[in-house]
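# Structural description and commentary
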Amino acid sequence: MIALTDANNFYVSCERVFNPRLEGKPVVVLSNNDACVVARSNEVKALGVKMGTPLFEMRWSATGPEGPSLVHEHQTQVFSSNYALYGDLSRRVMEVLGQFTPEVEVYSIDEAFLGLAGLSCEMVAHHMRLMVKQWTGIPVSVGVATTKTLAKIANHQAKQQGGVCVLQEPEPVLAQLPVSEVWGIGRRLTQRLEAQGITTALHLQQADLALIRQLLGIVGVRTVLELRGVACLPLERCPQPRKSCGVSRGFGRPVASLAELKQAIASYGATAAAKLRRDHRVAQSLQVFITTNRFHPQKPQYANSETIGLPYPTHDTLTIVRAALGATERLYRPGYTYHKAGVMLLDLSDGAICQGGLFRDETRRERVGRLMVAVDSLNRRFGDGTVRWAAAGLRQEWKMRSEWRSSRFTTRWDELVVVR
DNA sequence: TCTGGGGTCCTAGGACCC
DNA sequence: TCTGGGGTCCTAGGACCC
């Protein structure tokens, strides 16, 4: 049997751990740039606010721009996202789960698959829920079934039944479940299936495999088999090393000048390079993209990207940022207001395996390597941003909005919770 | 005024090889 | 008259997930 644990309204729950006054109140957490709702407390879900709703729409009202604001009328508590906090609490939740079995696959920031072979499912599921809540403050739901896809559905059930569901006989549940709720069936595939009269998970489970192969490809066939209890997706205990690593952001205000665009790209490139070093990976190429705001079609639109090969696989900020800035100069067109930009590092490989370059300056490589180690350790010890790159600018007026971020209670000495 | 970010996998088509 | 078959690699686009 496989369990899927999934935290309830995870980001909202993280905020409540350090601010119990939020309990029972409507709470939302916003995406980057304070743009969209990405986590909702049950109270907010009950108000009919959809996942992904832009904040400005919530500030209008449920009925349109003229009505009373959902935020004000219901005293909704609004938070900017605080990934330092959520990431750390996620790590703690996973650590607790790891005490029940070594068979843990961390699937996302708030979900894990667990192999329960040889364990008493019902008992373990309840115990896990209790321990995670007691030791981290985070409420989780646990679904158990014979395959990952069915465990997802069991978890969906658990959320409506007090937190635990062991799915022995899936069929009655599948009959009630819209096909769009099945893991792996998104918006487009739902349309394709519905056109064939396949509207419930049970229809999908019983569909003809040849038809599914044609309609949804090999991935869809796996989904159908998984619904039938044939495991096609193994538990992945060791995360596969990343193949790409990107950093992109929308700007806090429109950016028109090349100088500011280059600051942003330098900043994102430096962040991406630091991630690479943390993972002990190196990149062989990179891509830079810039774009105007597609939500303002009446304004002139421009979006473009450039992919560049690096002279040798590297994770050094100087090489990466220099290459990214060169691309930015070639991509830039005056006369537009830019809204978003990003740097993606591609063709990643293991940094421990280093292919020397025929014309590579080994002395410089070693010196730059030592510089990176120094910068990383200072930032690790004293907090991100302690040492920054001048190319990223000092004032950074383009920086994303983050007006309502709570403290980083668990990862910054100067932001510890205060008890009066 | 205000509309997220970071990933993965699969497929089809083109270029190229023998 | 008649123009193969089998394979790899790369890329872009489309789909999905949280």
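Below is a summary of the structure that appears in this document. Nothing here was measured: the structure is a model prediction, and the numbers come from that model.

## Considering the pattern of salt bridges
One pass over the structure, following the stated rule, counts 21 salt bridges. With a shortest N-O distance of 3.2 Å, Arg16 and Glu43 are connected by a salt bridge. Here Arg16, found in helix α1 (residues 10–17), pairs with Glu43, found in helix α2 (residues 42–46); they are 27 residues apart in sequence, far enough to count as distant. With a relative accessible area of 26%, Glu43 lands in the partly exposed category.

## Some remarks on the protein's contact with DNA strand B
Taken together, 27 residues lie near DNA strand B, and Gly246, Ser248, Arg249, Gly250 and His296 sit nearest. When atoms of DNA strand B within 4 Å of the protein are sorted by moiety, sugar and phosphate together comprise 79%. At 2.9 Å from a phosphate oxygen of DNA strand B is found a side-chain nitrogen or oxygen belonging to Lys243. Looking at the surface near DNA strand B, the elements that each hand over two or more residues are α11 (209–227), β9 (245–255) and β12 (338–346). It is β9 that contributes the most residues to the surface near DNA strand B, six residues altogether.

## Digging into the nonpolar core
Counting 35 residues, the largest nonpolar core has Phe10, Leu97, Ile138 and Val144 as its most contacted members. When residues in this core are grouped by element, the largest group, seven residues, is from helix α5 (residues 83–97). Ignoring sequence-local partners within four residues, the contact set of Phe10 consists of Tyr86, Leu89, Ser90, Ile109, Asp110 and Ile138. Listed in part, the 34 residues of the second largest apolar core include Val247, Val288, Ile308 and Ala327.

## Quick notes on the packing of aromatic side chains
If you walk through the whole model with that rule in mind, you get 14 aromatic pairs. Relative to Tyr86, the ring of Tyr11 has its centre 4.4 Å away and its plane inclined at 10°; by these criteria the two rings are stacked. Residue Tyr11 is located in helix α1, and its partner Tyr86 is located in helix α5; the two are separated by 75 residues in the primary sequence. According to the relative accessible area criterion, Tyr11 is buried, its value standing at 15%. For the ring pair Phe251 and Trp398, a centre distance of 6.4 Å and an interplane angle of 75° mean the geometry is edge-to-face. Placement of Phe251 in strand β9 and of Trp398 in the segment after α14 (362–382) is noted, with a sequence separation of 147 residues between them.

## Structural notes on the protein's contact with DNA strand C
Looking at DNA strand C, there are 14 residues lining it, with Lys152, Gly184, Gly186, Arg188 and Leu189 nearest. Expressed as a percentage, the sugar and phosphate content of the atoms of DNA strand C within 4 Å of the protein is 100%. In this structure, a sugar or linking oxygen belonging to DNA strand C sits 3.5 Å away from a side-chain N or O atom of Trp183. Backbone polar atom of Gly186 to a phosphate oxygen of DNA strand C: 2.9 Å apart, as the coordinates give it. Broken down by secondary-structure element, the contributors of at least two residues to the surface near DNA strand C are β5 (104–108) and α9 (187–195). By residue number, the principal contributor to the surface near DNA strand C is α9, which donates four residues.

## Re the pairing of strand β6 (residues 111–115)
Counting buried residues along β6, five of its five residues qualify, which places the element largely inside the surrounding structure. Burial along β6 is two-sided: Glu111, Phe113 and Gly115 facing one way and Ala112 and Leu114 facing the other are all buried. Here five bridges tie strand β1 (residues 2–7) to β6, and the two strands are oriented antiparallel to one another. Among the inter-strand pairings, Thr5 is bridged to a residue of β6, identified as Ala112. In this structure, β5 lies alongside β6, joined through four bridges in antiparallel fashion. Residue pairing across strands places Ser108 opposite Glu111, the latter belonging to β6. Between the antiparallel neighbours β5 and β6 lie two residues.

Thresholds applied
- Residues numbered from 1 in each chain as written.
- Chains lettered and ligands numbered in written order.
- Predicted model: local features only at pLDDT ≥ 70, side-chain atom pairs only at ≥ 80, totals over all residues.
- Heavy atoms only, no water.
- Salt bridge = Lys/Arg side-chain N within 4 Å of Asp/Glu carboxyl O.
- Helix = DSSP H or I, 4+ residues; strand = E, 2+ residues; numbered from the N terminus.
- Buried < 20%, exposed > 50% of the residue type's maximum accessible area, 1.4 Å probe, protein only.
- Near = heavy atom within 4 Å.
- Polar contact = N/O pair within 3.5 Å; in protein donor to acceptor, adjacent residues only side chain to side chain.
- Core = buried A, V, L, I, M, F, W, Y, C linked by side-chain atoms within 4.5 Å.
- Contact = heavy atoms within 4.5 Å.
- Phe/Tyr/Trp six-rings, centres within 6.5 Å; stacked < 30°, edge-to-face > 60°.
- Pairing = 2+ DSSP bridges.

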